[in-house]
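# Chain and residue survey
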Amino acid sequence: MNQLSDRLNSLSPSATLAMSQKSSELKAQGVDVINLSVGEPDFNTPDHIKEAAKKAIDDNFSRYSPVPGYPALRNAIVEKLKNENGLEYTAAQISCANGAKQSVCNTIMALINKGDEVIVPAPYWVSYPEMVKLAEGTPVIVRAGIEQDFKITPAQLEASITPRTRALILCSPSNPTGSVYTQEELAGLAAVLAKHERVIVIADEIYEHINYIGKHQSIAQFNEIKDRVVIVNGVSKAYAMTGWRIGFIAGPEWIVKGVNKLQGQYTSGPCSVSQKAAEAAYTGSQAPVEEMRKAFERRRDLIVKLAKEIPGFEVNVPQGAFYLFPKCDSFFGKKDGDRVIANADDLAMYLLEVGHVACVGGTSFGAPECIRMSYATSDENIIEAMKRIKNTLARLK
């Protein structure tokens, strides 16, 4: 009898990974596919970070680390938060994990009981609601459309809070939209949260350094709620270290202790060599981070310009991360021969199979009227991809 657990059967597969896999399958068949579905930088890890990893191997960092990570790494994160964000933490308030993805899941699993509600602004990263369901919580989706730059308002937040609300997941800069909350916008949300002492904020700031509007703003800066904020961050995006798998949380010590207890039972500490690489990322030169940020900003400007030239797309200007999230519902109901586009997922599959460009439909992001495109690729790929998309969509009547 092949019976998976009800817990697993309640989860949806990752749409981003599924589209990337489909793209890879077509490439393996010899199809020239341009992949705009992948959520990772196309740059290599900076050399000084790689050298630190090589040294860690030579220095025999090959044994189990403490569950929350080496003290040296946690202290480097403490200094990063102080110097870059103006936030005071101790090493005991930091817990490192196998990527920011595990850090988010750790926090949800440590806090959420069956029936607890977790507010998830939409569009959202595909895994947030699934993680809440894994913890037997209830995702409460609060929708913010392109007309409000995909950002929820204080009034929307207030209206969504009930006696069962336990947490809010806030992602800024955002995956999938690239939207960034300003200090004033965060202050408005913080004022609402200050009235609801039971609500914890899980602030996913993994795209912090890929920001086109100046200094990153964290909701943890507001003293009235700081003791209820868990910052999630890591080295994956800013330092082009997605495969190194190092993320962290910074938050109240009681939550961090709970996360450590949980992590100690199912993964223990993250990779020892990766931790030493991450330490070098935080303590070494930040010049490569800025070089990559500038490249992403140039690509942002390029893809926005080209997307605005495609009839039927409604496009905003993302302020961070490396995603464009155009509204495309004007194509719903249109046909190419016998093929009918019913929704954004259909459109994404059509663009892949006919136009040979991989994007991700917005349904799994809580925005079925949009598609996500990653511009973490070369200028040449962006130009060719948008040309193919424009020509392919022109076939729909």
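Residues numbered from 1 in each chain as written. Predicted model: local features only at pLDDT ≥ 70, side-chain atom pairs only at ≥ 80, totals over all residues. Heavy atoms only, no water.

Under an unreviewed UniProt entry, the protein chain has the name Aminotransferase and belongs to Phocaeicola acetigenes. Among the UniProt annotations of the protein chain, the heading Sequence similarities (unreviewed entry) holds the following wording: "Belongs to the class-I pyridoxal-phosphate-dependent aminotransferase family." On record in UniProt, under Cofactor (unreviewed entry), the comment for the protein chain is "pyridoxal 5'-phosphate". (UniProt positions renumbered as here; feature names shortened; annotations may be inferred.)

Right, let's talk about unusual backbone geometry for a bit. For the bond running from Ala122 to Pro123, omega is 5 degrees, close enough to zero to count as cis. Each neighbour pair has its own omega, and for Ser172 with Pro173 the value is -10 degrees, a cis peptide bond. Position of Pro173 among the secondary structure elements: in the loop between strand E5 (165-171) and helix H8 (183-193). With a phi angle near 60 degrees, Asp149 is a residue other than glycine that sits in the positive phi range. The residue Asp149 is located in the loop between strand E4 (138-143) and helix H7 (154-160) in this model. One non-glycine residue, Ala240, lies in positive phi territory at about 55 degrees. (Helix = DSSP H or I, 4+ residues; strand = E, 2+ residues; numbered from the N terminus.)

Between helix H12 (residues 344-353) and helix H13 (residues 379-393), whose axes approach to 10 Å, the crossing angle comes to 110 degrees. Classified by the angle their axes make, H12 and H13 are roughly perpendicular. In terms of crossing hand, the pair formed by H12 and H13 is right-handed. Here Leu347, Tyr350 and Leu351 of H12 come into contact with H13, specifically with Ile389, Thr392 and Leu393. (Axes fitted to C-alpha atoms, helices over the stretch in contact; angles between N-to-C directions. Parallel < 35°, antiparallel > 145°, perpendicular 65-115°, else oblique. Left-handed = near helix turned anticlockwise from the far one by under 90°. Contact = heavy atoms within 4.5 Å.)

Moving on to the packing of aromatic side chains. Across all of its chains, the model carries 12 aromatic pairs by this definition. Ring plane angle 80 degrees and centroid distance 5.3 Å describe the contact between Trp125 and Tyr128, whose orientation is recorded as edge-to-face. No difference in accessibility class separates Trp125 from Tyr128, as the two residues are buried. With a centroid separation of 5.0 Å and an interplanar angle of 55 degrees, the aromatic rings of Phe322 and Tyr323 are classed as tilted. Phe322 gets classed as buried once you look at its relative accessible area, which sits at 0%. Taken together through their ring pairs, the aromatic side chains of Phe43, Tyr207, Phe296, Phe322 and Tyr323 make up a single cluster. The aromatic ring of Tyr181 is capped on one face by Lys151, whose charged end is 6.0 Å from the ring centroid. Sitting over the ring of Tyr89, Lys226 keeps its end group 4.0 Å from the ring centre. (Phe/Tyr/Trp six-rings, centres within 6.5 Å; stacked < 30°, edge-to-face > 60°. Buried < 20%, exposed > 50% of the residue type's maximum accessible area, 1.4 Å probe, protein only. Lys NZ or Arg CZ within 6 Å of the ring centre and 35° of its normal.)

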